[in-house]
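Survey of secondary and tertiary structure
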Amino acid sequence: MTETANIAQPTTGGRPDWDEYFLDIAALVARRSTCRRRSVGALLVRDRRLLTTGYNGAPSGLRHCLDIGCLREEMKIPSGERHELCRGLHAEQNAIIQAALHGVGVNGATLYCTNHPCIICAKMLINAGVVRLVIRDGYRDDLARGMFAEAGIEVTQA
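Residues numbered from 1 in each chain as written. Predicted model: local features only at pLDDT ≥ 70, side-chain atom pairs only at ≥ 80, totals over all residues. Heavy atoms only, no water.

Some points on the overall build of the protein
A tally of helices and strands in the protein yields 6 helices and 5 strands. Along the protein, from the amino end to the carboxyl end, the secondary structure elements read α-β-β-α-α-α-β-α-β-α-β. Against the 2.2 N^0.38 benchmark of 15 Å for 158 residues, the protein shows a C-alpha radius of gyration of 15 Å, consistent with a compact globule. Counting over 158 residues, the protein shows a buried share of 42%. Across the protein, the fraction of contacts at a sequence separation of at least 24, relative to all contacts at a separation of at least 6, is 55%. Roughly 8,800 Å² of accessible area belongs to the protein as shown, and the carbon and sulfur atoms make up 51% of that amount. With 19 positive and 17 negative side-chain charges, the protein shows a separation of 5 Å between the mean positions of the two kinds. (Helix = DSSP H or I, 4+ residues; strand = E, 2+ residues; numbered from the N terminus. Rg over C-alpha atoms; globule rule 2.2 N^0.38 Å. Buried < 20%, exposed > 50% of the residue type's maximum accessible area, 1.4 Å probe, protein only. Contact = heavy atoms within 4.5 Å. Areas by Shrake-Rupley, 256 points an atom, 1.4 Å probe, with all protein chains shown as cover. Lys, Arg positive; Asp, Glu negative; His and termini not counted. Charge placed at Lys NZ, Arg CZ, Asp CG, Glu CD.)

Considering the packing of helix H5 (residues 119-128) against helix H6 (residues 142-150)
Contact geometry for H5 and H6: axes closest at 8 Å, N-to-C directions at 15°. Looking at the two axes, H5 sits roughly parallel to H6. As H5 runs across H6, the sense of the crossing is right-handed. For the pair H5 and H6, the contacting residues are Ile119, Ala122, Lys123, Leu125 and Ile126 in the first and Leu143, Ala144, Met147 and Phe148 in the second. (Axes fitted to C-alpha atoms, helices over the stretch in contact; angles between N-to-C directions. Parallel < 35°, antiparallel > 145°, perpendicular 65-115°, else oblique. Left-handed = near helix turned anticlockwise from the far one by under 90°.)

Comments concerning the pairing of strand E1 (residues 41-46)
For E1, a buried count of 5 out of 6 residues is recorded, marking the element as mostly surrounded by other parts of the structure. The pairing of E1 with strand E2 (residues 49-55) spans 6 bridges and is antiparallel. Residue Val45 lies in a different strand from E2, and its bridge partner there is Leu50. Here E1 folds back onto E2 in antiparallel fashion, the turn holding 2 residues, of which Asp47 has a positive phi close to 55°. Here 4 bridges tie E1 to strand E3 (residues 110-115), and the two strands are oriented antiparallel to one another. Of the residues in E3, the one forming a bridge with Val45 is Thr110. (Pairing = 2+ DSSP bridges.)

Side note on H5
Taken as a whole, H5 has its buried residues at Ile119, Cys121, Ala122 and Leu125. All buried residues of H5 project into a common sector of 155° when viewed along the axis, lining one side. For H5, the elements touching its buried residues are helix H4 (91-101), E3 and H6. (Arc of directions from axis to C-beta.)

Focus: the packing of aromatic side chains
Here the structure, examined in full by the defined rule, presents 4 aromatic pairs. Summarising the aromatic geometry, the rings of Trp18 and Tyr21 are spaced 5.6 Å apart at their centres and angled 90° between planes, so their arrangement reads as edge-to-face. Of this pair, Trp18 and Tyr21 both sit in helix H1 (residues 18-30), 3 residues apart, which is roughly one turn of that helix. A residue is classified by how much of its surface remains accessible, and Trp18, at 36% relative accessible area, is partly exposed. (Phe/Tyr/Trp six-rings, centres within 6.5 Å; stacked < 30°, edge-to-face > 60°.)

Here you go:
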């Protein structure tokens, strides 16, 4: 069964602050996920303008795990291990790919994501020029946390 990100209750008198607003949109994007294990949504935002979105699932035009099953699940591979055996892309990867596909620069952007990025996504985000991350839920990847710290990227859990 997939995890679903929840919409946060506003902390500022009924009107969400910008981080809550964008995280709520990321939670909505996560509902498009086709992963059987975890639903993740991501946004790249700069100057309070949404640049791109992404959710986790198979590449465009290919069958989704919801339709054909999950190889990692069948092989009982724990979360966070053997990413190469997954047919899906991560939400963060899809957000970066959508930016590249449509010619949208993301240097200086903030990533809003329902989960903390894995090490693979962390390296991509660093090289894409993302300067800040706002996440809703944690994800156990100490190497990714360390790389973000070394790169000077602020990570906020809201």
